[in-house]
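Inside the fold
Residues per chain, in single letters:
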Amino acid sequence: MISLSGIAPDASLLRRAQWQMTVTPSGAWPDPSAMEAAADWLPATVPGTAAAALEAAGRFSRGTPVPLHDSDIWYRCRVEPRAAGAHVLACAGLATICEAWLDGVPILVSNSMYAGHEIRLDIDGPAELVFCFRALSPHLSRKGPRARWRTKLVSEPGLRMVRTTLLGHMPGWCPNVHAVGPWREMALVPENGIMVEDLRIESGLTDDGTGRLAVSFRPGPGFTARPGKAAASIACAGWDAPLEEAGEGRLAAELLLPGIEAWWPHTHGTPHLHDVGLALGDGHIRLARTGFRRIEVERGADGKGFGLIVNGVPVFCRGAVWTSADIVSLPGDRAAYEPWVRLARDANMNMLRIGGTMAPETPAFFELCDEAGILVWQDLPFANFDYPVADPAFASAVAGETEDLLARAQASPSLAVICGGSEMHQQGAMMGLPEERWRTPLTEEILPRAAGRIRPDVPYVANSPTGGAMPFSPNEGIAHYYGVGAYRRPLEDARRANVRFAGECLAFSNIPEAGCLPRAERAPCHHPDWKRGVPRDRDVGWDFEDVRDHYVRELYGIDPLDLRHGDPASYLDHGRATVAEVMEATFAEWRRAGSSCRGALVWTFQDLMPGAGWGVAASDGTPKSAWYALRRAFAPLRVSTTDEGTNGLDIHVANDGPDPRRLRITLSCLREGALPVAGGTRDFEIGAHGNARFAATDLIGAFFDTTHAFRFGPPSHDCVHVALSDPETGTVLDETFHFPLGRAKARRGARIEARVAQRSDGMWELHLESDRIAQSVAIEDAAFLPQDNWFHLAPGLMKTVTLAPRDPDTDARPQGRISPLGGSPVSYSAT
């Protein structure tokens, strides 16, 4: 694999190429000589997809996508070399059954969208480069080895024989947008400009904090021609080591870096990064950027758990399952990824999982996660199927794909877990097969061997989920936990299930904010136009809106059908509030000291289409109520409560940061949401990466039935408010609420006062005060996005919410309304 390091950005002949694309019936043109002059060629972008090119031409709708796997898709461009001679064509991904020609001469055949290709070509002058992406449908109908189990996840069983993404093939999960075209980076460069080939970089951190960096490569023609090659060295963080012969035509160097600034997840420290360079006598070439960290797996005292230890510190991993930056174009550039990665970091997520049902992302994604301090769980692109691993050609191909995929992210410290795929173990076990039938050489031998060759520093797990009496049992290993969620278990099940690590959890039909719903999705809820945006499993009699409605009933004692019938707006608001409450409560349970859980990832991060999808963010990047709840639940400095029944109310404080803190807890038990009837304060110190637990009665100083578990008389209070503050300044750093009688009985018609102010830096703030507890307060502003939303508002305390402009170039001033759940809205406007 060539490295583009050291090659000028405009060296690729394809950088400015004018690409064209056309669609033909399957098999109409066997090769470029059959091209018809009257063919309808459209402008196209490479890397890109056919769907994106058609959409740009107004011939494709992501709302009602036309199938593309029934047709052949052709791409072509003219290339003009600066000088005749040898060139290298590098293709990082071609979706999926692809042939290529240069001036009518065949140069490439590919049958995997994940495989990389490098072809050496002699180009003497202007030439035409042509790619044909053959119709996939004929390949899907071909017979293969008999499957030991089948899945209802996808509509075409033949996909197990074809190496392409399941995106676009999962009814009820995502729109049927087929991935076709040169979807990943492509370059055509002069061979004499290639400095480095088969680059290998390994970085790590020893127990004593010393960084270790090993670099090796095969010199390319460009390196061999450089006059300073004899004195070449590898440099990093002010240290350098000479390159030496390492056999098989390779050069290698190894550096030890004492006291190097380590890379951390952003919730636990600073994600320090360091350039790795190739120093020559006449210059310096940047090879990569890396970070130094050490990742270990912790199994717990019983050896049955799963958690990550980073640089010797246990890390509670929290985040979501990534889908795609855009289902139509499947982009791989920084500009497409950056807003999403920033949104994940702003939500205090420290892990994103790329699931086996999705499509792998590019080095740009990992580079952004490196910079943001977000761990990446990488499922290899396998899911649910019984793959034909007995076929030696298939086994060899997927091993090569895995090495290619991981080599592109070999320097990234963010890569934290490599997983053999999604729900293959679960699918086989749920079909009643014994373990020896569903635990196959693919996940146990082929993939871990390939992963170990490229990223030996990253833990490998065979599948997600895996472990336990059944591979999907949540009390051992890695679970896909939907007890709270699809299986409609009570919130207490989050503890009862003894979850150790949830690779997926908490899937709901999350309702977007009203302003970001396109016209079709503004149809009355439950209308067919609305239901198209609601996810569902195939061949079942319910969807994930039904799941959300179940918890509306559980939390608020309201029949969602009555709400939907009589007050649709309130129905939607109760749905938004419910998922926020469920997520905060569940993560309060899992993050508490003493919990068996060491991490959990919500299904999913972003929607693939407009509507009330699984994503905690809408397909346009607008946060939903769930995103705001997770932002609070995932905060590095967090206070939460758990109802321990007759043991009272426990208060939990987590300080994930690298510094000890001196803090103050203030507890207030409120009658009718306003009148304090009991309370207390405690100053304390908490260590770096530390946790603390307090009994509410310790703060009060005497017995008080905070959870209303004893019920010796009428309830004395309906809300408990706990504030975490800085004892020197009094600034509230975090807060949490507990409703011992339930949320419905604590709604008291709060009166909210709102004031808008502009800070000295030009940003706007909203100052809110309430006379009593106001639940699930929603801020709506057409021009501004609140940095907190769907929160509870305590009496007697001012809450300040920053308002960020939706359009950075706007001249608008804040103007909107604030609505407590079930209460009267209050308008605000900047004067």
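Model, not experiment: these values are computed from the prediction. (Residues numbered from 1 in each chain as written. Predicted model: local features only at pLDDT ≥ 70, side-chain atom pairs only at ≥ 80, totals over all residues. Heavy atoms only, no water.)

**Some remarks on the packing of aromatic side chains**
Under the definition given, this model contains 33 aromatic pairs. Taking the centre distance of 6.0 Å and the plane angle of 65 degrees together, the rings of F306 and W377 count as edge-to-face. Of this pair, F306 sits in the loop between β19 (295–298) and β20 (307–310) while W377 sits in strand β24 (residues 375–379), and the two are 71 residues apart along the sequence. Considered together, F306 and W377 belong to a single accessibility category, that of buried residues. Geometrically, the ring pair formed by F703 and F710 is edge-to-face, given 5.4 Å between the ring centres and 80 degrees between the ring planes. Classification of F703 as exposed rests on a relative accessible area of 54%. Pairwise contacts between aromatic rings join W322, Y337, W340, F365, F366 and F605 into one cluster. (Phe/Tyr/Trp six-rings, centres within 6.5 Å; stacked < 30°, edge-to-face > 60°. Helix = DSSP H or I, 4+ residues; strand = E, 2+ residues; numbered from the N terminus. Buried < 20%, exposed > 50% of the residue type's maximum accessible area, 1.4 Å probe, protein only.)

**Here's the deal with the sheet that holds strand β36 (residues 732–738)**
The four strands are arranged β33-β32-β35-β36 in an open sheet whose pairing can be described as antiparallel. With partners counted over all chains shown, the strands left at the sheet margins are β33 (675–686) and β36, one partner each. Ignoring strand direction, the axes of neighbouring strands in this sheet form an average angle of 15 degrees. Here six bridges tie strand β35 (residues 719–725) to β36, and the two strands are oriented antiparallel to one another. Looking at β36, one finds that V720 is bridged to H738. (Pairing = 2+ DSSP bridges. Axes fitted to C-alpha atoms, helices over the stretch in contact; angles between N-to-C directions.)

**Quick notes on the environment of L555**
The residue L555 is located in helix α12 (residues 544–556) in this model. With a relative accessible area of 9%, L555 lands in the buried category. For the pair L555 and A633, spaced 78 residues apart in sequence, the C-alpha separation works out to 18 Å. In this structure, L555 is in contact with L491, T578, E581, V582, R743 and A744, ignoring residues within four places of it in sequence. (Contact = heavy atoms within 4.5 Å.)

**Section: the sheet that holds strand β2 (residues 19–25)**
Here we have six strands laid out as an open sheet, ordered β3-β2-β4-β9-β6-β7, and antiparallel in their pairing. Both outer strands of the open sheet, β3 (42–44) and β7 (105–110), are each paired with one neighbouring strand and no more. Ignoring which end each strand starts from, the neighbouring axes of this sheet average 25 degrees apart. In terms of strand pairing, β2 meets β3 through three bridges, oriented antiparallel. The residue bridging W19 from the neighbouring strand is A44, located in β3.

**Some details on a nonpolar patch on the surface**
A cluster of nonpolar side chains, F703, F710 and F712, forms an exposed patch at the surface whose accessible area comes to about 380 Å². One can find F703 in the loop between α16 (696–700) and β35. (Patch = residues over 30% accessible without salt bridge, like charges linked within 9 Å, V, L, I, M, F, W, Y side chains within 5 Å. Areas by Shrake-Rupley, 256 points an atom, 1.4 Å probe, with all protein chains shown as cover. Salt bridge = Lys/Arg side-chain N within 4 Å of Asp/Glu carboxyl O.)

**Quick word on helix α9 (residues 441–454)**
Side chains of residues three or four places apart in an α-helix project in the same direction, reflecting 3.6 residues per turn. With 14 residues, α9 ought to run about 20 Å at 1.5 Å a step, and its terminal C-alpha atoms sit 19 Å apart, in line with that. At L447, α9 shows its largest bend, some 30 degrees, and a proline, P448, comes one to four positions later. Turning to α9, its buried residues number three or more, namely L442, T443, I446, L447, A450, A451 and I454. (Expected span 1.5 Å × (residues − 1). Bend = angle between axes of the 7 residues up to and from the residue.)

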